[in-house]
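Geometric and topological summary
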Amino acid sequence: MGELIYSFAAIASRYKNEKTSLLGMQRLAETLHPHGVPITWLVSVDSARAAAKELNAWHDRYGDDVAVAPSELSLAPVSTEGTYEQRRDRLAGIRESIQKVLPWAECRIASGHTDPEIVKICQDLGFEGLWGFCWEQIEVDQITDRGCPWGFYYMNPEDRLRPADGRGVVAVEWTARDLLKSYHSGNPCLYSTDPNDVARGSICAWDNIDYWKALADNYIRNTRYNEQVFLLQHQEAHETEIADGWRCYTEEDIRESLIMLDRFVAHIKPHARMMTVADAVRTYRDQNEKTASSYMLWENSPTPTPNPDFAWNTCPGPWPRTFLHYDRGAQMMFVDGQVQPVCIRNYSKPWDTQDFYAETHIPRPRLIQNVQYTWSREIHIEVDSPKAMPYGFALWGDYCLYQIAEAPGLVEGKILPRELLFLRYNLQPGTNRFVVKLQGK
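Please read all numbers here as calculations on a predicted model, not as lab measurements.

A few words on helix 9 (residues 251-268). The end-to-end C-alpha distance of helix 9, which contains 18 residues, comes to 26 Å, matching closely the 26 Å that a straight helix rising 1.5 Å per residue would cover. Among all positions in helix 9, only Ile254, Glu256, Ser257, Leu258, Met260, Leu261, Phe264, Val265 and Ile268 are buried. Residues of helix 9 that are buried in the fold lie against strand 1 (3-11), helix 1 (22-32), helix 7 (195-200), helix 8 (210-221), strand 9 (228-234) and strand 10 (272-274).

In structure tokens form, the structure reads like this:
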């Protein structure tokens, strides 16, 4: 059994009229600290200075941390102007100024992940993680990250959305999503852990968070198949108060979001270890010398019909049980009962805004032989492929009595007991023949 690690980040970088969103910060602190959740505040220099008293007290008492927000928007890069060296030095200057205000702050995490060179900048400056990635998202908040893995992964310096070959700066998700509904619906912002979005979409409300609990249960359940599962949640401090310059929601909306957060964390608490984002990243780095493969078997959760005024052009499902996997070479999705993936995101392809690494033609496999002996099985499969590409098989069924004995060419394989056998290969042009021998345990 693996471990579920929960982290909470809050954008707290707004500053106007010599004030930051301090009331919103206090409301989030009062909601989360009683559950033992240390908050990671994404701060600018000005907001850190304005909230220094509170940040110092929360750090001392609850272990709160800060991350570097290079602008008041926190999602934007440090600047789109200047040379690489100038942008790097500006981010270094912001971090140094925050540390002068908060001498205890290590500032190991940065935000502003949309800069194409941000990975190299973070590496140069010694940052360990970069916050803000949005799995399957297109265009919302001017962010299009479709194609990147969920959770954590080491970023490729040449392309922030694909895993590196080895270690590097860790990509950190903005806020965790429902992997099944986000993929099948194409609307990951609705099916997420953002309290305002599920409320506006009418799939959670006040103390009725059955959908959120089911989402959390999928993360909890998948600790069976992974050493570490990361569930990162986020809320903006400025969206948790009403103030001149950043009025977003009514007081009723704010109360509702805080009640939902309180109920959600209470549901997760018995199953998770609470960490700051920086500590979660360090835990990942301590465990993994390269991007860890992820195996997520996701059950569909009954969900109220979304509000069409918020979820326009969104299919409400339901969808079949779905197995999702990524490693350094690819990301794949499989629907219940189908052997070949319905989607292959090939990380050897260049990213573009049309395919998002996806293979446009996925070959179909042919079952040649499936023989069960007294205490072993042998499976032969063929696949004709027009090109080299990553590939995988999900053989649905109960393989819990076996272990993989021989499988020439296998990149990696995993048995999810009572659910499926996953086999990961790389196809070559032409006919590919695979033989898998399973031995009884």
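Let's shift gears to the side chain of Asn226. You can see Asn226 is positioned in the loop between helix 8 and strand 9. Judged by its relative accessible area of 6%, Asn226 is buried. Of note is the side chain of Asn226, whose polar atom sits 2.9 Å from the backbone oxygen of Asn222. A polar side-chain atom of Asn226 sits 2.7 Å from the main-chain carbonyl oxygen of Tyr295. Ignoring anything within four residues of it in the chain, the contact list for Asn226 reads Gly2, Glu3, Ser293, Ser294, Tyr295 and Met296.

In this structure, the second largest pocket spans a volume of roughly 380 Å³. Contributing to the lining of the second largest pocket are 27 residues, with Asn226, Glu227, Gln228, Val229 and Ser293 lying nearest its centre. Where the lining of the second largest pocket is concerned, the elements lending two or more residues are strand 9, helix 10 (277-287), strand 11 (294-298) and strand 19 (412-416). Its residues assigned to classes, the lining of the second largest pocket comprises 14 nonpolar, nine polar and four charged.

Judged by nonpolar contacts, the single largest core of 85 residues is most densely connected at Tyr6, Trp41, Ile98, Trp212 and Tyr219. Residue contributions to this core peak at seven residues, all from helix 9. In this structure Trp41 touches Ala10, Ala12, Met25, Leu28, Ala29, Leu55, Trp58, Asp64, Asp65, Val66 and Ala67, once residues within four positions along its chain are discounted. One finds Ile379, Tyr399, Phe422 and Phe434 within the second-largest nonpolar core, a separate group that totals 32 residues.

Time to look at helix 8. In this model helix 8 runs 16 Å from its N-terminal to its C-terminal C-alpha over 12 residues, within 8% of the 16 Å that 1.5 Å per residue would give. Taken together, the buried positions of helix 8 are Tyr211, Trp212, Leu215, Ala216, Asn218, Tyr219 and Ile220. Structurally, helix 8 contributes buried residues whose contacts are with strand 1, helix 6 (179-185), helix 7, strand 9, helix 9 and strand 11.

Pairing of side chains with opposite charge becomes possible as their charged atoms draw close. Counted under the stated rule, the structure contains 26 salt bridges. The partner of Lys120 in a salt bridge is Glu158, with the nearest N and O atoms 3.5 Å apart. Of the two residues, Lys120 is situated in helix 5 (residues 118-125) and Glu158 in the loop between strand 6 (153-156) and strand 7 (159-163); the sequence distance between them amounts to 38 residues. Classification of Lys120 by relative accessible area gives partly exposed; the value is 27%. The exposure class assigned to Glu158 is exposed, which follows from its relative accessible area of 62%. In the salt-bridge network here, residues are joined through shared partners; they are Glu106, Arg108, Glu128, Asp279 and Arg282.

Here the focus is the sheet that holds strand 15 (residues 365-372). The four strands lie next to each other as 15-16-21-18, forming an open sheet whose pairing is antiparallel. Each of the sheet's edge strands pairs with one partner strand only, and the pair in question is strand 15 and strand 18 (402-406). The average angle at which neighbouring strand axes cross in this sheet is 25 degrees, direction not considered.

Moving on, we come to the packing of aromatic side chains. In this description, an aromatic ring pair is defined by two values, namely the gap between the centres and the angle between the planes. Counted according to the given criterion, the structure contains 22 aromatic pairs. Aromatic ring contacts, followed pair by pair, group Phe152, Tyr154, Phe230 and Tyr284 into a single cluster. Above the ring of Phe356, the side-chain terminus of Arg146 is found at 5.7 Å from the ring centroid.

Time to look at the pairing of strand 7. Burial within strand 7 is extensive, with five of its five residues counted as buried. The pairing of strand 6 with strand 7 spans two bridges and is antiparallel. From the neighbouring strand, Asn156 faces strand 7, where its bridge partner is Asp159. The hairpin turn running from strand 6 into strand 7, its antiparallel successor, is two residues long.

Rules and cut-offs
Residues numbered from 1 in each chain as written. Predicted model: local features only at pLDDT ≥ 70, side-chain atom pairs only at ≥ 80, totals over all residues. Heavy atoms only, no water. Helix = DSSP H or I, 4+ residues; strand = E, 2+ residues; numbered from the N terminus. Expected span 1.5 Å × (residues − 1). Buried < 20%, exposed > 50% of the residue type's maximum accessible area, 1.4 Å probe, protein only. Contact = heavy atoms within 4.5 Å. Polar contact = N/O pair within 3.5 Å; in protein donor to acceptor, adjacent residues only side chain to side chain. 1 Å grid on protein atoms, 1.4 Å probe; cavity = no way out; pocket = protein on both sides within 12 Å on 5 of 7 lines; lining within 4 Å. Points joined across faces, edges and corners; volume = space filled by probe spheres on them. Nonpolar A, V, L, I, M, F, W, Y, C, P; charged D, E, K, R; others polar. Core = buried A, V, L, I, M, F, W, Y, C linked by side-chain atoms within 4.5 Å. Salt bridge = Lys/Arg side-chain N within 4 Å of Asp/Glu carboxyl O. Pairing = 2+ DSSP bridges. Axes fitted to C-alpha atoms, helices over the stretch in contact; angles between N-to-C directions. Phe/Tyr/Trp six-rings, centres within 6.5 Å; stacked < 30°, edge-to-face > 60°. Lys NZ or Arg CZ within 6 Å of the ring centre and 35° of its normal.

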